[in-house]
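Each chain, written out:
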Protein chains: 4
Amino acid sequence: MARPLSEEKRNAILAAAAEAVGSLGVSASTAKIAKDAGIAEGTLFVYFPTKDDLLNELYLALKADMKAAIAAGYPTEASVKERCEHLWNQSIDWGAKNPAKRRALRQLGVSDKVTEASRKAGMAAFRDIQSMLDEGFQSGILRQQPKDMLGATTDVLTDMVLEFIHRDPGNIESYRRAGFETYWGAISNK
Amino acid sequence: MARPLSEEKRNAILAAAAEAVGSLGVSASTAKIAKDAGIAEGTLFVYFPTKDDLLNELYLALKADMKAAIAAGYPTEASVKERCEHLWNQSIDWGAKNPAKRRALRQLGVSDKVTEASRKAGMAAFRDIQSMLDEGFQSGILRQQPKDMLGATTDVLTDMVLEFIHRDPGNIESYRRAGFETYWGAISNK
Amino acid sequence: MARPLSEEKRNAILAAAAEAVGSLGVSASTAKIAKDAGIAEGTLFVYFPTKDDLLNELYLALKADMKAAIAAGYPTEASVKERCEHLWNQSIDWGAKNPAKRRALRQLGVSDKVTEASRKAGMAAFRDIQSMLDEGFQSGILRQQPKDMLGATTDVLTDMVLEFIHRDPGNIESYRRAGFETYWGAISNK
Amino acid sequence: MARPLSEEKRNAILAAAAEAVGSLGVSASTAKIAKDAGIAEGTLFVYFPTKDDLLNELYLALKADMKAAIAAGYPTEASVKERCEHLWNQSIDWGAKNPAKRRALRQLGVSDKVTEASRKAGMAAFRDIQSMLDEGFQSGILRQQPKDMLGATTDVLTDMVLEFIHRDPGNIESYRRAGFETYWGAISNK
DNA sequence: GATGAATGAGCGTTCATTCAT
DNA sequence: TATGAATGAACGCTCATTCAT
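Being a predicted model, the structure only gives us computed values, none of them experimental.

1. Section: the overall build of chain A
Of regular secondary structure, chain A possesses 10 helices and 0 strands. Here the C-alpha atoms of chain A give a radius of gyration of 18 Å, agreeing with the 16 Å that 2.2 N^0.38 yields for 190 residues. C-alpha extents for chain A along the principal axes are approximately 55 × 40 × 30 Å. Taking the intrachain contacts of chain A between residues at least 6 apart in sequence as the baseline, contacts between residues at least 24 apart amount to 70%. Each charge class in chain A can be summarised by its mean position, and for the 25 positive and 25 negative side chains these summaries are 3 Å apart.

Structural data, given as structure tokens:
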């Protein structure tokens, strides 16, 4: 069978894993994840044959989740800068609202458990977003860059700003704005 | 004194730890680190009372190493942009020449084993560098930013570019250049 | 349930622990205990979360075992002195037949791994026995004593005699008899 | 050389060992003992070739210390019962004033690190005391007992009472008195 | 003689994975 | 399919003892 019985259980495992990896790193135990997901230890391995598989699928699920949030409500008709600002704000909002997921993604990002294939697949999502901005590249408003670098820049600056927000939650708005200036400078032609 | 603590051994442990953490993450075992350092397992704990202590001291040592490399040969008399480009190039060079150290620093950066105090101390080094650019801020060439954000931006964009270089080592020069454009846009007033 | 916890295994662990603690003290290793119990090292921790838990449960099990043996065949209708002699003889017999258990109990008795709560629970068993002798106290045949002191006196004199028997096993009967005289003198009104 | 340099250091080690064994048991580390004695780790082994040697010598020293305290001020001319009461009170006082030493002696008493030879030597001290009471045996006031049993009874009942005092320090006098009644009953002819 | 760095076996405990139920 | 008891290698750390200084 291509997929085991309960989609619900699968999602519960993924959700518990995100939470656990976010707070404990990739060394979070499968026992804890199973317990938090409300299933037995052995059941986890019915859905994911090994812990590494779980970690890779979690990475992909998180990337997809993030991408969906970022693209939501994209203002097709607005100016390039406004569209970029929309993407930026969505990114910050997703991270601020889903701190555990964001932290999980950071942990997975540096872990050698996540394969090159997963990383490639994860980057593809951001290429989708990059293509939303094709007009911006053609018009010269955005600087030409090596493939995937726009997505990575977004990723990396978002994450940086979210770290500042995490350490100093009172000033979220000023970090968001300063972050966007940095971001816009980083990707646009002056 | 019976036998003085050996600075040489201490450095060997730190070097082995950087290598191991770089490739295996913070879960690299103390046994492996000791073995690679050429000492007995127990000896490691003569130099570092716990693994967490070792990890924190490694973080600090790596930050200091990186900072020294970046600041070396700083052209005090050149233009602000040239001075930034110097810092950028030094950063890329350090990372390209010390891939294990760089990877270790990434792992430590996301690990909760590294204390807030160590992070603060690590950031202080970059504030030194930021102050090298004070003239740039006063003249309005560099954009005003929240404290520590310039250092973090440098860190994060450098790291991003080094990841691209790591995956595609043939094009180091083009990544370095494209990276600097991104970086300069990120930190300067347009 | 996947596989129920095995009462048999639990008992095997407790038995192996009694043997090991009896001969090696509380520093007997969990690895040895597990091996002697015929299970894997990790399995011990399925039944007892920590070594300290094992030690405390062992203490309780041993006290219960001893108490059951002592109270067995108690001659309700006999004279107070005969009933005390019965208790005395049962105690000596239990100790002589279960030297490892007795030695384990001694080790546990002086170990700070055994909590005050366990000690309290262990003493309660002997209070049961003391209450078997209430008539003796009321009639004035037995001397009034602070609570728990009768039980402790029994414990301590039994143990002393068993040590003599242990060192000089040929004269078990004469030690038993001399011991009882000491014991009866210790607890009765002259 | 029959004895190494400093008697003072030797005594410091023994004192530190008594304290450490009293609170931590025989598993107290040589490193801690050395530190508490104000000497280097290695120096301990100059005075005692192994930890077991230290433990055995400590046992003997403690027994000697206790015996000296018990025999001090012995009232040669008093009645047998008064002389016994003196011994009893001295025992209780020594234990109450030297809780660490008493606890150390308990630990050593059950440890298999203390050899049979040391135990024999330790018992000899109490035979000295027993011989102080020879008149009592001859007159029939004290019950005839197997060799060493009087000493052991004293030891064991004293220790029991000291445990009660330890747990309930407010009632020291009532425990001491009740204890003596038990003790006198245990050793005298009715 | 005194020191304390160096050692490596041994400790209690964890954990991904297997498999009997 | 779901369960959780069973496993044993691996972990961080301790320690009695040795020996270079």
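2. Section: the protein's contact with DNA strand F
Around DNA strand F sit 35 residues in total, of which Thr43(A), Lys51(B), Ala2(C), Arg3(C) and Thr43(C) are the nearest. Contact between DNA strand F and Ala2(B): a sugar or linking oxygen at 3.1 Å from a main-chain N or O atom of the residue. Contact distances for DNA strand F include 2.8 Å between a phosphate oxygen and a backbone N or O atom of Thr30(B). Counting residues per element, the ones that place at least two in the surface near DNA strand F are helix H3 (41-47) of chain A, helix H3 (41-47) of chain B, helix H3 (41-47) of chain C together with helix H2 (30-37) and helix H3 (41-47) of chain D. Counted by class, the surface near DNA strand F contains 16 nonpolar, 11 polar and 8 charged residues.

3. So, the UniProt feature "domain: HTH tetR-type" (unreviewed entry) in chain A
The positions that UniProt labels "domain: HTH tetR-type" (unreviewed entry) are, in the present scheme, residues 7-66 of chain A. For residues 7-66 of chain A, helix accounts for 82% and strand for 0%, while the C-alpha atoms at its two ends are 20 Å apart.

4. Observations regarding the side chain of Thr153(A)
Within the element layout of this structure, Thr153(A) appears in helix H9 (residues 149-167). A polar contact of 2.7 Å, which involves the side chain of Thr153(A), links it to the backbone oxygen of Met149(A). What Thr153(A) contacts, discounting residues up to four positions off in sequence, is Gln145(A), Ala186(A), Ile187(A), Leu157(B), Met160(B) and Thr182(B).

5. Remarks on the interface of chain B and chain A
Facing 32 residues of chain B, the contacting portion of chain A comprises 30 residues. When chain B packs against chain A, close to 2600 Å² is buried across both sides, 64% of that on carbon and sulfur atoms. The three residues of chain B that bury the most area against chain A are Val110(B), Met149(B) and Arg167(B), which together make up 22% of that side's buried surface. Our count for the chain B to chain A interface comes out at 4 salt bridges. Arg143(A) is the salt-bridge partner of Glu181(B), the closest N and O atoms lying 3.9 Å from each other. At the junction of chain B with chain A, the criterion picks out 6 residue pairs in polar contact (both at pLDDT 80 or more). Mapped onto the side of chain B that touches chain A, the elements with two or more residues apiece are helix H6 (99-110), helix H7 (116-132), helix H9 (149-167) and helix H10 (172-187) of chain B. In terms of residue count, H9(B) provides more of the side of chain B that touches chain A than any other element does, 9 residues in total. Residue classes in the side of chain B that touches chain A are distributed as 13 nonpolar, 8 polar and 11 charged.

6. Describing the packing of aromatic side chains
All names here are of chain D. Taken as a whole and judged by the stated rule, the model has 16 aromatic pairs over all chains. Look at Trp88 and Tyr183: their rings are 5.0 Å apart centre to centre, the planes differ by 25 degrees, and that puts the pair in the stacked class. Residue Trp88 is located in helix H5 (residues 80-97), and its partner Tyr183 is located in helix H10 (residues 172-187); the two are separated by 95 residues in the primary sequence. For Tyr183, a relative accessible area of 2% puts it in the buried group. Taken together, a centroid distance of 6.3 Å and an interplanar angle of 25 degrees make the contact between Phe180 and Trp184 stacked.

7. A short note on the UniProt feature "DNA-binding region" (unreviewed entry) in chain A
Annotation from UniProt places "DNA-binding region" (unreviewed entry) at residues 29-48 of chain A. The span residues 29-48 of chain A carries 75% helix and 0% strand; its end-to-end C-alpha distance comes to 14 Å.

8. Some points on the pattern of salt bridges
Inspection of every chain in the model, using the stated rule, returns 65 salt bridges over all chains. Here Arg10(D) and Glu57(D) are joined by a salt bridge, their closest N and O atoms 3.0 Å apart. In this pair, Arg10(D) sits in helix H1 (residues 7-24) while Glu57(D) sits in helix H4 (residues 51-71), placing the two residues 47 residues apart along the sequence. Residues participating in the shared-partner salt-bridge network are Arg102(A), Arg106(A), Asp159(A), Glu163(A), Arg167(A) and Glu116(B).

9. Quick look at the arrangement of the chains
If you take every C-alpha in chain B and every C-alpha in chain C, the smallest gap between them is 20 Å, and the two do not touch. With no contact formed, the shortest span from any C-alpha in chain B to any C-alpha in chain D equals 10 Å.

10. Comments concerning the protein's contact with DNA strand E
Neighbouring residues of DNA strand E: 34 residues in total, closest Thr30(A), Ala2(B), Arg3(B), Thr43(B) and Thr43(D). Expressed as a percentage, the sugar and phosphate content of the atoms of DNA strand E within 4 Å of the protein is 64%. Measuring from a base nitrogen of DNA strand E, one finds a backbone N or O atom of Gly42(B) at 3.3 Å. For DNA strand E, a phosphate oxygen lies 2.6 Å from a polar atom in the side chain of Lys51(C).

11. Considering the interface of chain C and chain D
The interface of chain C with chain D comprises 30 residues on the first partner and 30 residues on the second. Summed over both sides, the interface of chain C with chain D buries roughly 2600 Å², with 64% coming from carbon and sulfur. When the buried surface of chain C facing chain D is broken down by residue, Val110(C), Met149(C) and Arg167(C) rank first, second and third, together holding 21% of it. For the interface between chain C and chain D, the tally reads 4 salt bridges. Where chain C packs against chain D, one counts 6 residue pairs in polar contact (both at pLDDT 80 or more). Broken down by secondary-structure element, the contributors of at least two residues to the side of chain C that touches chain D are helix H6 (99-110), helix H7 (116-132), helix H9 (149-167) and helix H10 (172-187) of chain C. Per-element tally for the side of chain C that touches chain D: the top contributor is H9(C), with 9 residues. Taken together, the residues that form the side of chain C that touches chain D break down as 12 nonpolar, 8 polar and 10 charged.

12. Focus: the relation of the copies chain B and chain A
In the superposition of chain B on chain A (RMSD 0.2 Å, axial shift 0.0 Å), the rotation amounts to 179 degrees. The operation mapping one copy onto its partner corresponds to a two-fold rotation axis. A shared binding surface is used by both copies, with 94% of the interface residues of chain B retained as interface residues in chain A.

13. Section: unusual backbone geometry
The phi angle at Asp148(A) is positive, at roughly 75 degrees, despite the residue not being glycine. Relative to the assigned elements, Asp148(A) resides in the loop between helix H8 (134-138) and H9.

14. Describing the environment of Glu163(B)
Residues and elements named next belong to chain B. Within the secondary structure, Glu163 is located in helix H9. A residue is classified by how much of its surface remains accessible, and Glu163, at 11% relative accessible area, is buried. Residues contacting Glu163, with those up to four places away along its chain left out, are Arg102, Arg103 and Arg106.

15. Side note on the relation of the copies chain C and chain D
Under the fitted operation, chain C is carried onto chain D by 0.1 Å of movement along the axis and a turn of 179 degrees, and the coordinates agree to an RMSD of 0.2 Å. Interface residue correspondence from chain C to chain D reaches 100%, placing this contact among same-surface, isologous pairings.

16. Focus on the packing of helix H9 (residues 149-167) of chain D against H10(D)
Residue and element names in this part refer to chain D. For the pair H9 and H10, interaxial distance at closest approach is 10 Å and the crossing angle is 160 degrees. Considering their axes alone, H9 and H10 lie roughly antiparallel with respect to each other. For H9 against H10, the interelement crossing comes out right-handed. For the pair H9 and H10, contact is made by Leu150, Thr153, Thr154, Leu157, Val161, Phe164 and Ile165 and by Ile172, Tyr175, Arg176, Gly179, Thr182, Tyr183, Ala186 and Ile187, respectively. Looking at the contact of H9 with H10, its residues break down into 10 nonpolar, 4 polar and 1 charged.

What counts, and at which threshold
- Residues numbered from 1 in each chain as written.
- Chains lettered and ligands numbered in written order.
- Predicted model: local features only at pLDDT ≥ 70, side-chain atom pairs only at ≥ 80, totals over all residues.
- Heavy atoms only, no water.
- Helix = DSSP H or I, 4+ residues; strand = E, 2+ residues; numbered from the N terminus.
- Rg over C-alpha atoms; globule rule 2.2 N^0.38 Å.
- Contact = heavy atoms within 4.5 Å.
- Lys, Arg positive; Asp, Glu negative; His and termini not counted.
- Charge placed at Lys NZ, Arg CZ, Asp CG, Glu CD.
- Near = heavy atom within 4 Å.
- Polar contact = N/O pair within 3.5 Å; in protein donor to acceptor, adjacent residues only side chain to side chain.
- Nonpolar A, V, L, I, M, F, W, Y, C, P; charged D, E, K, R; others polar.
- UniProt positions renumbered as here; feature names shortened; annotations may be inferred.
- Buried area = accessible area lost by both parts, 1.4 Å probe.
- Salt bridge = Lys/Arg side-chain N within 4 Å of Asp/Glu carboxyl O.
- Phe/Tyr/Trp six-rings, centres within 6.5 Å; stacked < 30°, edge-to-face > 60°.
- Buried < 20%, exposed > 50% of the residue type's maximum accessible area, 1.4 Å probe, protein only.
- Least-squares fit on C-alpha atoms with pLDDT ≥ 70 in both.
- Axes fitted to C-alpha atoms, helices over the stretch in contact; angles between N-to-C directions.
- Parallel < 35°, antiparallel > 145°, perpendicular 65-115°, else oblique.
- Left-handed = near helix turned anticlockwise from the far one by under 90°.

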